[in-house]
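Chains, contacts and geometry: an overview
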Protein chains: 2
Amino acid sequence: MLELPTRRRAIENVASGLFRERGYAATSIRDIARALDVQGSSLYAHVTSKEDVLWTIVERSAEAFEQAAARSLAGLPASAGAAESIAAFVRAHVAVIASDPELANVFVHEWRHLTGERRRAILARRDAYEARLRDIVGRGMTDGELLPTDPAIAATFILTALNGLATWYRADGRLPPDRIADHYVGFAVRALTEDHR
Amino acid sequence: MLELPTRRRAIENVASGLFRERGYAATSIRDIARALDVQGSSLYAHVTSKEDVLWTIVERSAEAFEQAAARSLAGLPASAGAAESIAAFVRAHVAVIASDPELANVFVHEWRHLTGERRRAILARRDAYEARLRDIVGRGMTDGELLPTDPAIAATFILTALNGLATWYRADGRLPPDRIADHYVGFAVRALTEDHR
DNA sequence: GGCATCCAACCTAACGTTCGTTAGGCGCGC
DNA sequence: GCGCGCCTAACGAACGTTAGGTTGGATGCC
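Only a predicted model underlies this, so the values are computations on that prediction, with no experimental measurement involved.

Taken together, 15 residues sit near DNA strand C, with Tyr44 and Lys50 of chain A together with Arg7, Gln39 and Ser41 of chain B positioned nearest. One nitrogen or oxygen atom from the side chain of Ser41 of chain B is found 2.6 Å from a base oxygen belonging to DNA strand C. Within the side chain of Ser42 of chain B, one N or O atom sits 2.8 Å away from a phosphate oxygen of DNA strand C. Tallied by class, the residues present in the surface near DNA strand C amount to three nonpolar, eight polar and four charged.

To continue, consider the protein's contact with DNA strand D. In the vicinity of DNA strand D lie 15 residues, with Arg7, Gln39, Ser41 and Ser42 of chain A together with Tyr44 of chain B positioned nearest. The sugar-phosphate portion of DNA strand D accounts for 56% of its atoms within 4 Å of the protein, the bases making up the rest. Between DNA strand D and Gln39 of chain A there is a distance of 2.6 Å, counted from a phosphate oxygen to a backbone nitrogen or oxygen. Between a phosphate oxygen of DNA strand D and a side-chain N or O atom of Ser28 of chain B, the distance comes to 3.5 Å. Of the residues contributing to the surface near DNA strand D, the split by class is three nonpolar, eight polar and four charged.

With that settled, the discussion passes to the packing of helix α3 (residues 50–74) of chain B against helix α5 (residues 101–108) of chain B. Residue and element names in this part refer to chain B. Interaxial distance between α3 and α5 falls to 8 Å at its minimum, and their mutual angle equals 100°. Our classification of the angle between α3 and α5 gives roughly perpendicular. When α3 is examined against α5, the residues Leu54, Ile57, Val58, Arg60, Ser61, Ala62 and Phe65 are found in contact with a partner set consisting of Leu103, Ala104, Val106 and Phe107. Considering only residue class, the contact of α3 with α5 consists of nine nonpolar, one polar and one charged.

Right, let's talk about the packing of helix α4 (residues 82–99) of chain A against helix α6 (residues 116–142) of chain A for a bit. Residue and element names in this part refer to chain A. At a closest axis distance of 9 Å, the pairing of α4 and α6 adopts a crossing angle of 160°. Here α4 lies roughly antiparallel to α6, going by the angle between them. The way α4 lies across α6 gives a crossing that is left-handed. On α6, the residues that touch Ala82, Ser85, Ile86, Phe89 and His93 of α4 are Tyr129, Arg132, Leu133, Ile136, Val137 and Gly140.

Quick look at the interface of chain A and chain B now. Chain A puts 38 residues into the contact, and the matching count from chain B is 38 residues. The contact between chain A and chain B buries some 3,200 Å² in all, and 64% of this surface belongs to carbon and sulfur atoms. On the chain A side of the contact with chain B, Phe157, Phe187 and Arg190 of chain A bury the most area, a combined 22% of that side's loss. For the pair chain A and chain B, the number of links is four salt bridges.

It is worth spelling out the pattern of salt bridges at this point. What the rule picks out here adds up to 32 salt bridges over all chains. Glu102 of chain B is paired through a salt bridge with Arg20 of chain B; the nearest N and O atoms lie 3.8 Å apart. Of this pair, Glu102 of chain B sits in helix α5 while Arg20 of chain B is found in helix α1 (residues 7–22), placing the two residues 82 residues apart along the sequence. Across the salt bridge formed by Arg34 of chain B and Asp31 of chain B, the nearest N and O atoms sit 3.1 Å from each other. Here Asp31 of chain B and Arg34 of chain B lie together in helix α2 (residues 29–35), a separation of three residues that amounts to about one turn. Each of Arg8, Glu12, Asp52, Arg60 and Arg118 of chain A takes part in a single network of salt bridges with overlapping partners.

Moving on, we come to the relation of the copies chain A and chain B. Superposition record for chain A on chain B: RMSD 0.0 Å, screw rotation 180°, translation along axis 0.0 Å. Considering both components of the superposition, the chain copies are consistent with a two-fold axis. Residue by residue, 100% of the interface of chain A is reproduced at the interface of chain B, so both copies engage with the same surface.

Conventions and cut-offs
- Residues numbered from 1 in each chain as written.
- Chains lettered and ligands numbered in written order.
- Predicted model: local features only at pLDDT ≥ 70, side-chain atom pairs only at ≥ 80, totals over all residues.
- Heavy atoms only, no water.
- Near = heavy atom within 4 Å.
- Polar contact = N/O pair within 3.5 Å; in protein donor to acceptor, adjacent residues only side chain to side chain.
- Nonpolar A, V, L, I, M, F, W, Y, C, P; charged D, E, K, R; others polar.
- Axes fitted to C-alpha atoms, helices over the stretch in contact; angles between N-to-C directions.
- Helix = DSSP H or I, 4+ residues; strand = E, 2+ residues; numbered from the N terminus.
- Parallel < 35°, antiparallel > 145°, perpendicular 65-115°, else oblique.
- Contact = heavy atoms within 4.5 Å.
- Left-handed = near helix turned anticlockwise from the far one by under 90°.
- Buried area = accessible area lost by both parts, 1.4 Å probe.
- Salt bridge = Lys/Arg side-chain N within 4 Å of Asp/Glu carboxyl O.
- Least-squares fit on C-alpha atoms with pLDDT ≥ 70 in both.

Put into structure tokens, the structure is as follows:
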């Protein structure tokens with residue numbers, strides 16, 4: 001189960017860092033190689049193409065988001081309401097980003113440089129992930145626990161705010177991930193619930 | 001005052017469309033030219049470099065956001081509270097994006113491909129724009145009108161959610177811009193205000 | 001009207017560079 | 001001695017950009 005650090009993995013790590021910093025299209029194979037103190041052509045002993053590197057990173061990140069959300073929501077008591085579910089979802093999402101912001105950023109932004117079937121597949125997974133939050137929100141609204149607004153717009157509002165983290169989060173930032181998650185949970189839940197003033 | 005449609009402007013329009021769709025680095029001069037049914041080299045009669053096109057687009061978009069925010073906030077009564085100010089800011093931001101999502105998206109995402117002084121300058125303007133919202137939020141919190149959370153985190157949460165619009169907004173979408181703005185204003189204001197349940 | 005002039009807009013051709021990628025070989029540790 | 005990790009060299013294609021020439025319609029003047 002434990003993943004040992006192969007050369008391939010090292011390539012993916014520096015690649016995701018550069019992809020986050022400059023974007024996939026503006027990062028060349030030789031840029032990645034230079035960061036590893038190696039010639040560009042040497043990378044092809046470990047990867048089959050540049051897009052293949054992107055694909056692997058996107059896959060790993062998608063897996064991380066999906067599993068974190070699934071685990072987090074499965075751990076909820078059966079009696080959990082929409083607010084609790086949203087809180088769990090937000091916390092899981094923030095934790096995934098904070099644990100590897102470079103990886104997460106590629107899932108959030110750089111997936112669109114995939115082509116053909118891979119692009120189609122990752123788009124479907126992104127949709128399914130978003131649908132997870134949208135369904136929680138939709139159910140909360142029909143139950144009357146959440147303000148009756150538009151579930152799709154509401155879910156997108158929250159998810160795009162969460163994804164912003166993948167851009168600006170820095171491990172050496174002012175607030176630790178848990179504090180950020182606390183705030184974000186508060187914003188997300190209050191955004192969708194009535195205030196009785 | 002009226003801007004007549006020059007050739008240069010036509011180039012910027014198709015360029016911002018392609019930049020939004022594929023990103024600046026993945027869009028070649030020849031791509032832009034092809035969309036205008038022209039040879040790549042022909043563009044250089046109208047622009048001095050590819051980055052120059054990006055720069056002009058970013059500038060125009062920055063102007064649009066700044067002016068919309070300034071106008072919108074200046075139009076508020078002196079008695080306006082933080083909630084009203086946030087509502088005005090959100091509405092202005094949404095309107096700018098909806099009126100030209102391609103242009104807005106370049107300001108939101110593609111500015112980082114600028115280099116040197118231009119990059120520095122646009123970063124400062126982005127910071128100033130964000131500070132505008134952060135100040136409103138900060139004042140609202142010290143006044144007690146808003147929940148005392150972290151003003152920087154709160155402003156970033158809202159602004160990144162707003163900027164998400166620049167990615168997903170489509171003119172032929174399900175909801176008109178005003179309806180989207182209504183929802184977004186609600187989410188943003190409730191996120192920062194107490195609910196007394 | 002006829003003619004020279006102008007100018008914006010476009011063309012073809014080519015430049016030097018960088019791109020992703022392939023081929024074939026070399027050295028070092030198990 | 002086998003194989004992993006790297007090398008040099010090179011490929012064709014695409015990149016941003018420059019140079020110099022052609023077009024066609026408007027303008028000014030006789």
